[in-house]
Every structure is written in structure tokens, then in C-alpha cells.
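# Coordinates in review
Each chain, letter by letter, is given below.
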Amino acid sequence: MAAVASSATDLFGDPIEDHPTWFSPSAFTSPSSDFSPSSYIASLRSYVPLETLAAELRSHLTSLNSDLIDLVNENYADFVGLGNRLAGAGDAAARIREPIGELRAKVAGLTSAVEAQLVELKAGMGRRAAAASARELLERMLDTFHVVSKVEKLIKELPTAPADLPKTEISSSEQSSELNNGNFPNTESGASTRITQSILLERIASEMNRLKFLIGDEKNLPFIENLEKRIQSATSQLDASLEICFTQALKNKNNSAIYNCLRAYAAIDNTSAAEGLFRKTVVSPLIEEIIGNNNKNEMEGLFGDELEGDYEKIKECVEKDCKFILDLCSSANSGLHVFDFLANSILKEVLFAIQKGKPGAFSPGKPTEFLKNYKSSLAFLAFLEGFCTTKSAVVKFRSEAVYSDFVKQWNVGVYFSLRFQEIAGGLDASLTGPIRPVETENKNNKKLVLKQSEKLLESLQTCWSDDVIIFSHCDKFLRLSLQLLARYATWLNSGLTARKARTGDSDWALNAPVEDFVYVIHDINILVKQISGEFLGQINQLLNSCSDEVINLVRNSILQAGNSINEIIPIILDVMIESIVEKSVEDLRQLKGITATYRMTNKLPVRHSPYVSGILRPLKVFLEGDGATYLNKDTTQNLLIGSAEKITTRYYELTSDLVNVARKTESSLLRLRQGRRVGASSDASDNNISDTEKICMQLFLDIQEYGRNLEAIGIKAADIASYRSLWQCVAPEEKQSTIVF
């Protein structure tokens, strides 16, 4: 039994308390000291639930506690005698306690000494850093003083820079006076003089840039404050000299001198001064000559506020007189990309000249002229952007303040409002009053017939014409187009509603004859075809640069608006059918005379009534008229079938009422006669055919003739449900099963 217990296994030979394959108890007894519980759990939690892992760890802990108890029980004697084996351990601890105390004291003293040395070292390092900072500041101040002196020296040497001019020929004060007055020494080597002076100015500018760097944030130092006047004097002299040299170089188109001056302006970060001088010296006279002369001619009545011609002349001047500096600034590795002469010189001067000379060009009060000037201005901006060699240059040009100011001058919103009033107001004006077809010789043409429809199509085409549309506001013109279509549909619906209600403010349909509705249907078909064809093609051509998604959205919105108009055709057909039926009912009212004809008489019907031939006359007159030629076959057939069915329905209703009344009257008379009990037998024998039967006989003859008339216009009477009911109402019993005329 003991052997069996010590080797307890299950039926398949595995230990009963064996752990899962993923749990390894040896991981906890590994001799390595880098065991991490968190890492161990993280490696298992990806495929073992935390509850399962916790349960397995608790089971393993229970197993370890059990093993420990077993181990203590097995070696209980040794465990109890463990204290006896430690005899003398206290004496040994006492012997080593004193040396350890001495060592602790030595370590504490050494720590105090090291900390004192560390404090002294940090203080020394602080004094060294302060000395280094003071030395750096002193060196910076010395460098600042040297740079200021150097700049002053170079400025003094500026008037005598040309090597071929003897220094004793002109005194420094006289040269400075001439320089400040813009009068350079007139020598044969004037170009060389300007180049030499520009080189020297560029050197002075670089020194001034270095001076700004040296001063930095130390402007409040007394030393720097003492140098402030000298620095300001040098700065003003440099600006004046640069202005004179740059102006002379621009006038003489000395590219080398211009390049050096621009580099000097870039070095002192004063690009706006260079751009202003170029505008004043080169651009302003050219623009003044163009727009100024046109302003004089305008006063004489020769020109208006048109800008297209001015822009063409300005383009020529830019190509001829400004391109050199634009190419110079855009060249690779020139270091002059910080300048923007396009915006801050050329465009700014053009804007100023237009505002001064032709302010009416910006006014949207004259939409046609405004749009022409606006498109010319956009073309001019595109021309200027053509000088930008990179995409970043274009972005920089468009981000300039003057570019935004120029664009803001064109109040496109007001322009659209005026166009909206013009287009929408014109359509509204045409939709007032009755509809009137346009006079035309060809009655079978495929063009619009009504003036209202012509105005709608004209308004839609105007919205997207080159003389009206602004591409940046295409969304607004699309909305206007949809509003025009909705307005036309509303006009139609309101008129039809008023026609049905016999009241309303829309008077175009109240008293309109049926023929006018034919023109409406014809125009709707033509409009839908035009909108989905040529008009939509015109829009797609204008939006060809947009994405397919945008084009599809526009296309779907236009087609949806066109379909909303096309859906009105069934309503118009109902109104037309109702009008025709009302005219036919006037003849059907003669049914009441049949009762009086055959009551209290022995007369029998032999032919159909005269009113039958007039029942379908309004429908025939309409189909044979000129208006029917404007309807297509499907619409004509729908109108024909709808009219025939409704007329027959009304015919059946009137006939049924007539027969029912006749039968009730006859029944009442019969009861009255029977009540009198006098001559009842003789009356019954004399009247073999009742009045109701004679009336039904007459009505039967009438509906047969009516059926033949339906066949004559292409309608099979037996296919109409109300006609079958009519036949059942008046036909003899032997003929009710088959409809035969």
C-alpha cells in the first residue's frame, strides 16, 4: 500500500498533481539573480488568463508549504538542535563590533572632508563661470567698440572709394556733402565707381549686421548706451548712402551695383527700403505714365475705367524694365530671395495707381465692366506669378498683405448680388400675367413656345456664360440656377393648384384654355432635354478642372431640379383632362330629358339621343386642333385614355342615378295605384313595358353609339371599367354578358 501511495498515478501513467506545460516551478529556483515577477507574469498573460495563473501559483505555494512541513518533520531533531550549534556566536559578534565602529567613524570623517572640498570646488567653479561671463561680456564690448569704429572708418572712406581719384583732390567734408546730395564724382569710370561703392556698402552692412549680433540683449548696459548715438549716426549714414547708390544703380541699370546693394539691404534686414526705392525709382514713373495718361484721356471722354489695355502696357513695362531685378533675386544661390519686388513694388504701385486714377474700376455697379476688369486683374496676377520660379515663391507672393488688399478691392459678393437681382428679377417679371405663346410660323418646331420658358432657359444660360460667371463663385451661380428652376416649378404648381381650387393669386392658369397647357407640357419636355443636354454640357466644360466628385454632384443636382419640373406633367394632364371632362358633362346633363320623354307614354326608342354625338366633341376638337401637334405620342395617348375614362365614369354616374330615380319613381307610382284598387287590372294589362324599361332601352342605344364614338378615336370601350359598369346598368339581360355595338 505504501508503494502504491508513493507512486500515485492516474490510469494513463501521469502524476496526479502534475503542473500544466506552461507552468515551470524550476523558474523560481533558478540560480540566476535576474528573475522578475512582472516579466514572468507578462510573458504568460498573453495566452494564460490571470485567474488561471493565480490559481496555479496558489496551488504551487500550498505544495511548497507542504514540502517544508514534511522536510521539518523528517529532520526534526536537527531543527530542534539548531540553537546548540550556534554557541559562541555572541562572543564573535562582540569581538567584531568595535572595529566596525572605528571604521564607521573614519568613513564619517572622510565624508565630511569630501563634502567640504565639494562646496569649495563648486564655489570656485561659480567664480570661474562669473569670470568667464565677465570676460565674454568684456570681449563683446571690445568687439562692439571695434566694429563701431570700423564702420565709422569705412563710412568716412566711402566717398573716396574709387582708386583712380586722388585723395587730395576733394576734401572729405565736400565729398560727404556731394554724396548726401546724390552727386557722385563725375568721372569716366562712373560705373566702376558705383560698383566699388556698392561693394564697400555691402561690407559696411555686413559689419552693421555683426554689430547687431554683438549688442544682442545687452542694450541696457551703460557702455552700449554710450555708443548708441554713434550707432544711430552710422545707421543713418549707411541708409542714406545705400539709398543714393541703389537709386543711381537702378537708373543706370548697373546689375553688379544693384546686386551688391541688395545684399547690403538683406544684411541689415531692411528689404522694405529696397522695395520702396525700386517702386519709387522704376515702377512709379512707368505706371504713372500709363494710368495717368489714361486718366487724362478719360477726362476728355476717350477712355472709361477699363483696365485691360492698361494691364497689357504694364506687362510690357515689367518685361522690359523690371525683369532684370526679378531674375536677379530669383537666381539660385543669390541670397536675395528675401525680397518680393513683385508684391511690394509692382503690385503695390499698380493698386495705388488704380485707386487714385481709376477708382470706378473696382465698382460693381456696372457688372459687365466690373467683371471684365476683374478677369483682367486675375490674368495680371497670374502674369506676375509667372515670375515665381518655385511653388514656395508663389505661396509667399500670395501671402503678402498687398496681394490680399488687391483681391479685397474686388467686391465679388456685391457683383453676384447685382447679377442675382438682374437674372432672378427678370425671370420673376416674365412669370407675372397670363402665358402667351411666341408667334412662330412652324407649328411643329422643337423650340420653346412660351415666353416664360424662353426666359428661364435664357436666365440659366446667362448664369454660366463667360460674360457673367466667376469661377471662384461657381457654387453661388449653381445655387442661383437651382433657384431659377425651383421658381419656375413653383410658378407652375401654384397656377395648377389655383386652377383646381378655382381661386388664388396665380392667375395664369385660372382662365387659361386647354391649348395653353399643351404649350406648357411642350416647353417642359424641351427644357428637360436642354437642361440634361446642352446646358449640362456647358457647365461641365466650365468645371473641367474640378474633380470628378464635384462634377458628379453638380450634374446630379441639375438633373434632379430638371426632374422636379418634369414631374409636373402628370398634374398638368389631370388639369387638361378635367377641363375636357367639364365640357363633355355639359352634354351629358341632357340625360335628364330622357325621363320626361318616355314617362306616361307608349312611345318606344328607335335611335340614339342627339346628345351622344356631343359627349366626345370637346376631346375631338382638342385632338384635331393645332395645339395637339406640340404633344408627343405618349402624352397624347395618356391624355386620350384619361379623358375617355373620366368622361365614361361621369356618364356612368349620371346614368346610374337616372335609372335608380326612374325605378324608385315607378315603384312609388305602382304602390299608389294598387292602393286605389280601381282599374288596377286594366292598367297592368295596358302597360306591358314600364317607363324604366323604355328609359333603359334609350340609354342602351345611347351607350352603343357612345361606344362606337370611342372606337372612332382609338379607344376600345370594353377596356374601360366604367363603360362595362355602364353596359351592365342599362343593357337587357340577354346582352349583358357580351359588349357588342
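Residues numbered from 1 in each chain as written. Predicted model: local features only at pLDDT ≥ 70, side-chain atom pairs only at ≥ 80, totals over all residues. Heavy atoms only, no water.

## Here we look at the overall build of the protein
Put simply, the rule reads: Put simply, DSSP H or I for four residues or longer makes a helix, DSSP E for two residues or longer makes a strand, and each gets a number counted from the N terminus. We call two residues in contact whenever any of their non-hydrogen atoms come within 4.5 Å of each other.
Scanning the protein from N- to C-terminus turns up 29 helices and zero strands. Taking as baseline every contact in the protein between residues at least 6 positions apart, the subset at least 24 positions apart corresponds to 75%.

## Looking at helix 20 (residues 514-542)
Note the threshold: One less than the residue count of a helix, multiplied by 1.5 Å, gives the span that helix is expected to have. Fitting axes to the seven residues ending at a residue and to the seven starting there, one defines the bend at that residue as the angle between these axes.
The end-to-end C-alpha separation of helix 20 is 40 Å, in line with the 42 Å expected for 29 residues at 1.5 Å each. The largest bend in helix 20 comes to about 40°, at I531.

## Overview of a nonpolar patch on the surface
Formally: Patch construction takes residues with relative accessible area above 30% that form no salt bridge. Like charges are linked within 9 Å, and nonpolar side chains (Val, Leu, Ile, Met, Phe, Trp, Tyr) are linked within 5 Å. Calculation of accessible area relied on Shrake-Rupley with a 1.4 Å probe; when residues are assessed, cover is drawn exclusively from the protein chains displayed. By salt bridge we mean one thing: a side-chain nitrogen of Lys or Arg within 4 Å of a carboxyl oxygen of Asp or Glu. Relative accessibility under 20% of the residue-type maximum defines a buried residue, over 50% an exposed one, and the middle range a partly exposed one, all with a 1.4 Å probe and only protein chains included.
On the surface, F28, F35 and L57 cluster together into a nonpolar patch covering about 230 Å² of accessible area. Looking at where F35 falls in the secondary structure, it is placed in the loop between helix 1 (2-6) and helix 2 (37-44). Look at F35 and you get partly exposed, because its relative accessible area is 38%.

## Brief notes about the packing of aromatic side chains
Applicable threshold: Aromatic rings from Phe, Tyr and Trp, taking only the six-membered ring of Trp, are treated as a pair when their centres fall within 6.5 Å; an angle between ring planes under 30 degrees marks them as stacked, one over 60 as edge-to-face, and anything in between as tilted. The rule for a charge over a ring is simple: NZ of Lys or CZ of Arg within 6 Å of the ring centre, and within 35 degrees of the ring normal.
The tally for this structure, following the rule as stated, stands at 23 aromatic pairs. Centre to centre, the rings of W22 and F23 are 6.0 Å apart; their planes meet at 85°, and the pair counts as edge-to-face. Judged by relative accessible area, which is 22%, W22 ranks as partly exposed. Grouping aromatic residues by their ring pairs yields a cluster made of F362, F370, Y374, F406, W410 and Y415. A cation over an aromatic ring shows up here: R279 above the ring of F352, its NZ or CZ 5.7 Å from the ring centre.

## Remarks on the pattern of salt bridges
Overall, the coordinates contain 15 salt bridges when judged by the stated rule. Of the charged contacts in the structure, one is a salt bridge between K253 and D321, with a shortest N-O distance of 3.4 Å. Note that K253 is positioned in the loop between helix 9 (222-252) and helix 10 (255-267) and D321 in helix 12 (residues 308-330), a separation of 68 residues in sequence. Residue class for D321 comes out buried when judged on its relative accessible area of 14%. The salt bridge partner of E578 is K646, with a shortest N-O separation of 3.9 Å. Residue E578 is found in helix 22 (residues 569-588), and its partner K646 is found in helix 26 (residues 633-676); the two are separated by 68 residues along the sequence.

## Remarks on the packing of helix 12 against helix 13 (residues 341-357)
Cut-off, in case you're wondering: Convention adopted: a line fitted to C-alpha atoms gives each axis, helices being fitted over their contacting stretch, and angles between N-to-C directions are expressed from 0 to 180 degrees. An angle below 35 degrees is treated as roughly parallel, one above 145 as roughly antiparallel, one from 65 to 115 as roughly perpendicular, and anything else as oblique. Crossings are assigned a handedness: left-handed for a near helix turned anticlockwise from the far helix by less than a right angle, right-handed for a clockwise turn. Any residue that is not Ala, Val, Leu, Ile, Met, Phe, Trp, Tyr, Cys, Pro, Asp, Glu, Lys or Arg is counted as polar, Gly included; the first ten are nonpolar and the last four charged.
At a minimum axis distance of 11 Å, the contact between helix 12 and helix 13 shows a crossing angle of 155°. For the element pair helix 12 / helix 13, the angle class is roughly antiparallel. Once helix 12 is placed against helix 13, the crossing between them reads as right-handed. Between helix 12 and helix 13, the contacting residues are Y311, I314, V318, C322, I325, L326 and C329 on the first element and F341, L342, I346, V350 and I354 on the second. A class-by-class count of the residues in the contact of helix 12 with helix 13 yields twelve nonpolar, no polar and no charged.

## Regarding the nonpolar core
Soluble globular proteins tend to pack their nonpolar side chains together in the buried interior. What counts here: Nonpolar cores are built from buried Ala, Val, Leu, Ile, Met, Phe, Trp, Tyr and Cys residues. Side-chain atoms within 4.5 Å join them into one set.
If you look at the biggest cluster of nonpolar residues, it comprises 180 residues, and the most contacted ones within it are F246, L262, I325, M576, Y651 and L710. Contact partners of L262, with chain neighbours within four places excluded, come to F246, A274, I325, L328, C329, L336, F339 and F341. Ranked by size, the runner-up nonpolar core spans five residues in total, among them Y40, L44, V48 and L53.

## Some points on the side chain of R499
The condition that has to hold: When charges are tallied, Lys and Arg are placed among the positive residues and Asp and Glu among the negative ones, while His and the ends of the chain are skipped. Within 3.5 Å is the distance limit for a polar contact, defined as a pair of N or O atoms, with the added protein rule that one can donate a hydrogen and the other accept it, and that residues adjacent in sequence qualify only through two side-chain atoms.
Among the secondary structure elements, R499 is positioned in helix 19 (residues 474-501). Here R499 is buried and forms no salt bridge, its nearest opposite-charge partner E582 lying at an N-O distance of 6.1 Å. A distance of 2.7 Å separates a polar atom in the side chain of R499 from a polar atom in the side chain of S579. Residue contacts for R499: discarding those within four places in its chain leaves A509, L510, N511, A512, F517, V575 and S579.

## A closer look at the packing of helix 17 (residues 412-430) against helix 18 (residues 451-463)
The geometry of helix 17 relative to helix 18 is characterised by a closest axis approach of 9 Å and an angle of 175° between their N-to-C directions. As the angle between them shows, helix 17 and helix 18 are arranged roughly antiparallel. Within the contact between the two elements, helix 17 uses I423, G426, L427 and S430 and helix 18 uses Q452, K455, L456, S459, T462 and C463. Its residues assigned to classes, the contact of helix 17 with helix 18 comprises four nonpolar, five polar and one charged.

## Notes on unusual backbone geometry
Positive phi is not limited to glycine here, since K253 has a value of about 55°. Here the phi dihedral of D269 falls at roughly 55°; this positive angle occurs in a residue that is not glycine. With respect to the helices and strands, D269 occurs in the loop between helix 10 and helix 11 (271-299). Among the residues examined, D269 registers a relative accessible area of 66% and is labelled exposed.

## Section: the confidence of the model for the protein
Close inspection of predicted coordinates is inappropriate in any region flagged by low pLDDT. Here is the rule: A residue's pLDDT is the predictor's confidence in that residue, given on a scale from 0 to 100.
Taken residue by residue, the protein gives an average pLDDT of 82. The fraction at 70 or more is 86%. Per-residue pLDDT stays below 50 along residues 161-188; that stretch engages in 25 contacts with residues further than four places along the chain or on separate chains. Between residues 297-302, whose pLDDT stays under 50, and residues either more than four places distant or in other chains, the model counts seven contacts.

## Structural notes on the state of the cysteines
For the record, the criterion: Two cysteine sulfurs form what is called a disulfide whenever their separation falls within 2.5 Å.
Following the criterion strictly, the structure yields zero disulfides and no others. Between C317, a free cysteine, and C322, which holds the nearest cysteine sulfur, the sulfur-to-sulfur gap is 7.7 Å. The exposure class of C317 is buried, given its relative accessible area of 18%.

## Here we look at the environment of N552
Tracing the backbone through its elements, the reader meets N552 in helix 21 (residues 548-566). For the pair formed by N552 and N540, sequence separation is twelve residues and the distance between their alpha carbons is 9.4 Å.

## Some words on the side chain of H473
Secondary-structure assignment places H473 in the loop between helix 18 and helix 19. A polar atom in the side chain of H473 sits 3.1 Å from the side chain of S472.

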